[in-house]
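Summary of the model geometry
Given next are the chains, with one letter for each unit.
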Amino acid sequence: MQVLLLSMPDSFEHMAPVAVRMPNGALTSIAGNVDPHHRVAVADLILVQGRVTATVDRLLAEHQPDVVGLSVMTFQRRTALRLIERIRRLRPTASIVVGGYDPSLAADAYEPAVDFIVRGEGEITFRELLRALERGGGVAGIAGLGYRDGGMFRHNSDRPVSSLDEAAIAPPRRDTRVLSGYTLLGRPVDVIETSRGCTFDCSFCSIIEMRGRNFHTYDFSRILDDIRDCRDRGARALFIVDDNITLDVKRFAALCQAIVAAGLHELEYAVQATTASIADHGAMLAPLMRQAGFRYVFLGIENVLEDDLGFLKASAKNTKHEKGGRRAGNATLTAIEHLHAHDMFVVGGLIVGNPGDTRDAIEANLAFARRYVDWPYIQHPTPYPRTPMTQQFRDQGLIVDEDVAHYDGTTAVVRTKHVPAAEVEFLRWRAERWIKLKHLPAAFVHSPGFALRHMSAMLRYTFAGTRFRSMLGMEAEHAVFERYRQERRSQRAYV
Ligand code: B12
Ligand code: SF4
């Protein structure tokens, strides 16, 4: 069968598409796990943001797919549904399948539009679906699948999460990609996985509903082969997409050593980490990470105030420990010190605009980011489907925007008990542009060629909405902010 797999073009405020265009790791993993006689094409539409419909039309004509699969996050739902309408019109014979976080957690939003919904991990479910379609058999026995049955949409039982042990999931197939241009600050970038899952239960995170609280790992030989595959295809930077690689610090340290031993430390790595693990083990771990080539570390700080950490259920992962395991306060600063001491950049993940937040509480977090963080990754709490936090915001009547196309993390769609949503977003926007500007000299040293070629585009993106008059202080900041919001919204109408 001919299969076309698409990831959505919608991008995120803190990942300017001029600087960051990463592949979707799910689709190449799905491609690597179908039976080998199928012909699969993977297209990451982030690479063609300015010409999405023309590209999809071309791919449909060239590949004549029997099955089209789309990978969708919640804020990409509107784009996905518009694309599905178009695919139906242009290729009515194709079966349409959706998977990923949004279809898994908000299946009803897709039921009227698609033929199949793959919930949770997709590799085995999708493989079995293709087998069933090929032989014209039923799909009622395929765990993890939803399907149309006459006028009804039925859902089979959940598929248990994969153990990831040997041969459970075959390696990704990157040769199936049909578009090019992935970049991380000018370096060709790819994504790899070394583990799946997390055992924490932060209230804003979709992972618990998606797969439960568990942690499974791939073995090192598979991971090193996967890194080699990326390198041999031209990647010079790698983003490790693990939910929480720092859950097992010993294993992470051993992985850093294995990367060095295999000579794969010439690549540059970016990863997500919890502050507690880095604070508790940084003296041993940070030098190993640096030797292995880690450069940008996304720290899940979430908030610097204990009340907010309590609301986000993120206190445990942000508490450092003394020898003997006694709790020793907030881990964030110690973690940042360890990373900075070893020449790594901190991408600071903070969440501002929680129910109890006052203006001062928000400003305290922004001041922290200004002082300690290299690249701000500040978001507003966003009521993604079925997270525990969503229910809390709903119960308190604090959700002010139900349009999920705005659920991109940097549009404030909830208010606090004390501050209106638009003001929360304004405060973040006002602070963040200048923190980003501060990082540009370091970005210049890190990637001089890229910075020279794209500095003006980066500045235009960061200061969207700003005009000469605004720079001279002849315009109210709120007017500039409104223009920034309008510009972003029109940029994000891809289909
Ligand atoms: C890595 C990652 C990123 C990377 C993305 C790199 C990349 N291009 O892949 C970065 C840092 C850029 C990122 C950014 C964002 N992310 Co993110 N990210 C993740 C993370 C940690 C891992 C995703 C991953 O690659 N997993 C590995 C792959 C193999 O697994 P998978 O994606 O789940 O795919 C499996 C199934 O879902 C399914 N599947 C997926 N697609 C399809 C398609 C078909 C056809 C089929 C059959 C099956 C299928 O099968 C796959 C294999 O089993 C998740 C999860 C988490 N716990 O936090 C969040 C997560 C996906 N991100 C999320 C969000 C909200 C964002 C942002 C909007 C804001 C933010 N929080 O940072 C931005 C927007 C990104 C953008 N498009 O611009 C949310 C999504 C919530 C939702 N309901 O939509 C998650 C769940 C985190 C959370 N807050 O709970 N993210
Ligand atoms: S530590 Fe990270 S991956 Fe784990 S539940 Fe919290 S936000 Fe999700």
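Refer to the structure above for everything that follows.
Cut-offs and rules
Residues numbered from 1 in each chain as written. Chains lettered and ligands numbered in written order. Predicted model: local features only at pLDDT ≥ 70, side-chain atom pairs only at ≥ 80, totals over all residues. Heavy atoms only, no water. Salt bridge = Lys/Arg side-chain N within 4 Å of Asp/Glu carboxyl O. Helix = DSSP H or I, 4+ residues; strand = E, 2+ residues; numbered from the N terminus. Buried < 20%, exposed > 50% of the residue type's maximum accessible area, 1.4 Å probe, protein only. Axes fitted to C-alpha atoms, helices over the stretch in contact; angles between N-to-C directions. Parallel < 35°, antiparallel > 145°, perpendicular 65-115°, else oblique. Contact = heavy atoms within 4.5 Å. Nonpolar A, V, L, I, M, F, W, Y, C, P; charged D, E, K, R; others polar. Pairing = 2+ DSSP bridges. 1 Å grid on protein atoms, 1.4 Å probe; cavity = no way out; pocket = protein on both sides within 12 Å on 5 of 7 lines; lining within 4 Å. Points joined across faces, edges and corners; volume = space filled by probe spheres on them. Near = heavy atom within 4 Å. Polar contact = N/O pair within 3.5 Å; in protein donor to acceptor, adjacent residues only side chain to side chain. Patch = residues over 30% accessible without salt bridge, like charges linked within 9 Å, V, L, I, M, F, W, Y side chains within 5 Å. Areas by Shrake-Rupley, 256 points an atom, 1.4 Å probe, with all protein chains shown as cover.

Another aspect to go through is the pattern of salt bridges. Tallied over the entire structure, the rule returns 39 salt bridges. Here the salt bridges share partners, and the residues they tie into one network are Arg-174, Arg-177, Asp-190, Asp-226, Asp-229 and Arg-233.

The phi torsion at Gln-64 lies on the positive side, around 45 degrees, for a residue other than glycine. Relative to the helices and strands, Gln-64 resides in the loop between helix H2 (52-63) and strand E4 (67-71). Phi at Leu-164 is positive, roughly 60 degrees, even though this residue is not glycine. Along the chain, Leu-164 falls in the loop between strand E8 (152-155) and strand E9 (183-184). The buried category is assigned to Leu-164, whose relative accessible area is 3%.

On to the packing of helix H8 (residues 249-261) against helix H9 (residues 275-292), then. At a minimum axis separation of 8 Å, H8 and H9 run at an interaxial angle of 10 degrees. Judged by the inter-axis angle, H8 sits roughly parallel to H9. Taken together, the residues of H9 that come into contact with H8 (itself represented by Val-249, Phe-252, Ala-253, Cys-256, Gln-257, Ile-259 and Val-260) are Ser-277, His-281, Met-284, Leu-285, Leu-288, Met-289, Gln-291 and Ala-292. Of the residues belonging to the contact of H8 with H9, the class tally is 11 nonpolar, 4 polar and no charged.

Strand order in the open sheet formed by 7 strands is E3-E1-E4-E5-E6-E7-E8, with mixed pairing between adjacent strands. Each edge of the open sheet carries a strand with a single partner, namely strand E3 (39-44) and E8. When the angles between neighbouring strand axes are averaged without regard to direction, this sheet yields 20 degrees. In terms of strand pairing, strand E1 (residues 2-7) meets E3 through 6 bridges, oriented parallel. When the sheet's bridge partners are listed, Val-3 is paired in E3 with Val-40. Along the sheet, H2 contacts E1, E3 and E4; its crossing angle with E1, the most-contacted strand, is approximately 165 degrees.

Another aspect to go through is the sheet that holds strand E10 (residues 189-192). What the 6 strands build is an open sheet, ordered E10-E13-E14-E15-E18-E19; its pairing is parallel. Strands with a single pairing partner mark the edges of an open sheet, and in this sheet they are E10 and strand E19 (375-379). Each adjacent strand pair in this sheet contributes to an overall mean axis angle of 20 degrees, direction not counted. As judged from the 3 bridges shared by strand E13 (residues 237-240) and strand E14 (residues 268-273), these two strands associate in the parallel manner. Paired with Phe-239 across the bridge in E14 is Ala-270. Its contacts with the sheet place H9 against E14 and strand E15 (294-302), and it is angled at close to 170 degrees to E15. Sheet strands in contact with helix H11 (residues 332-341) are E15 and strand E18 (345-351), and its direction is about 175 degrees off that of E15.

Here we come to empty space enclosed by the protein. Summed over the entire model, instances satisfying the criterion amount to 5 cavities of 30 Å³ or more. Put simply, the second largest cavity is a space of about 90 Å³. Considering the residues around the second largest cavity, the lining is formed by Gly-25, Thr-28, Ser-29, Pro-172, Arg-174, Val-191, Ile-192, Glu-193, Arg-222, Asp-226 and Val-241. Broken down by secondary-structure element, the contributors of at least two residues to the lining of the second largest cavity are helix H1 (25-31), E10 and helix H7 (220-232). Looking at the lining of the second largest cavity element by element, the count peaks at 3 residues for H1. Looking at side-chain class alone, the lining of the second largest cavity contains 4 nonpolar, 3 polar and 4 charged residues.

Among the 41 residues in the neighbourhood of ligand 1, the closest are listed as Ser-71, Thr-74, Glu-123, Ser-206 and Tyr-377. Within the backbone of Thr-74, an N or O atom sits 2.7 Å from an oxygen atom of ligand 1. Ser-206 is positioned with one of its backbone polar atoms (N or O) 2.7 Å from an oxygen atom of ligand 1. Elements supplying a minimum of two residues to the shell around ligand 1: H1, E4, helix H5 (123-135), helix H6 (207-211) and E19. Here the shell around ligand 1 gets 4 residues from one element, more than from any other, and that element is H1. For the shell around ligand 1, the per-class residue count stands at 20 nonpolar, 14 polar and 7 charged.

So, on to the layout of surface pockets. Space left empty within the atom packing is revealed by a probe, the size of a water molecule, rolled over the atoms. Roughly 370 Å³ of volume is contained in the largest pocket. Taken together, 20 residues line the largest pocket, and the ones lying closest to its centre are Arg-119, Gly-120, Asp-158, Arg-159 and Met-210. Secondary-structure elements contributing two or more residues to the lining of the largest pocket are helix H4 (101-105), H5 and H6. Among the residues making up the lining of the largest pocket, the classes are represented as 7 nonpolar, 5 polar and 8 charged.

A cluster of nonpolar side chains, contributed by Phe-468, Met-471, Leu-472 and Met-474, occupies part of the molecular surface with about 500 Å² of accessible area. The residue Phe-468 is located in helix H16 (residues 468-471) in this model. Exposure remark for Phe-468: the relative accessible area of 60% places this residue in the exposed category.

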